[in-house]
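Residue-level structural notes
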Amino acid sequence: MPSPFLEIIELADGTVALRRPDEEGKPLLIIEFSEEAREFLQGNYVEVAKVMIGAGMQVAGQILEDDPDLDLDEHRVLH
């Protein structure tokens, strides 16, 4: 059974990833910042990625709490 915990890590190529600590292979989520974005953030891109992941997890929890039977495949509109 996979771990219920998730960890945020920085990969060797500088991308930030979300994964289960007990699993190897492809992460659940990857956030990649361009060099321009890294410079703009003055190297604080990992902190920004943590906030982005936290906000996403919070919204996902709200979606599931509001309608646990929601078919997310029907709602793939990106803005």
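Keep in mind that this is a model prediction, so the values were computed, not measured. (Residues numbered from 1 in each chain as written. Predicted model: local features only at pLDDT ≥ 70, side-chain atom pairs only at ≥ 80, totals over all residues. Heavy atoms only, no water.)

1. As for helix α2 (residues 45-66)
To be explicit about the condition: For helices the rule is a DSSP run of H or I covering at least 4 residues; for strands it is a run of E covering at least 2, with both sets numbered from the N terminus onward. One fewer than the residue count of a helix, multiplied by 1.5 Å, yields its expected span. The cut-offs for exposure are 20% and 50% of the maximum accessible area for each residue type, with area from a 1.4 Å probe on protein chains only; residues under the lower value are buried, those over the upper are exposed, and the others partly exposed. As used here, the arc belongs to the directions running from the helix axis to the C-beta atoms. The contact rule is simple, with two residues in contact once any of their heavy atoms fall within 4.5 Å.
The terminal C-alpha atoms of α2 lie 31 Å apart, and with 22 residues this matches the ideal 32 Å at 1.5 Å per residue to within 8%. Within α2, the full set of buried residues consists of Y45, V46, A49 and I53. The buried residues of α2 occupy an angular sector of 90° when the element is viewed end-on, so they sit on one face. Of the exposed residues in α2, the ones pointing more than 90 degrees away from its buried face are V51, Q58, E65 and D66. Elements that come into contact with the buried residues of α2 comprise β1 (7-10), β2 (16-19), β3 (29-31) and α1 (35-40).

2. What about the side chain of R38?
Cut-off, in case you're wondering: In summary, the charge assignment counts Lys and Arg as positive and Asp and Glu as negative, without counting His or the chain termini. Within this document, salt bridges are pairs made up of a side-chain nitrogen of Lys or Arg and a carboxyl oxygen of Asp or Glu, the two lying within 4 Å of each other.
Along the chain, R38 turns up in helix α1. Despite its burial, R38 remains without a salt bridge, the nearest opposite charge being carried by E35 at 4.1 Å. When sequence neighbours within four positions are dropped, the list of residues in contact with R38 reads D13, G14, T15, F33, G43 and Y45.

3. Considering the pairing of β2
The criterion, for reference: Should DSSP find at least two bridges between two strands, the strands are regarded as paired.
Sheet analysis places β1 next to β2, joined by four bridges and oriented antiparallel. Bridged to E10 within β2 is V16. One ladder, built from three bridges, connects β2 with β3; its direction is antiparallel. Its bridge partner being in β3, A17 is matched across the sheet by I30.

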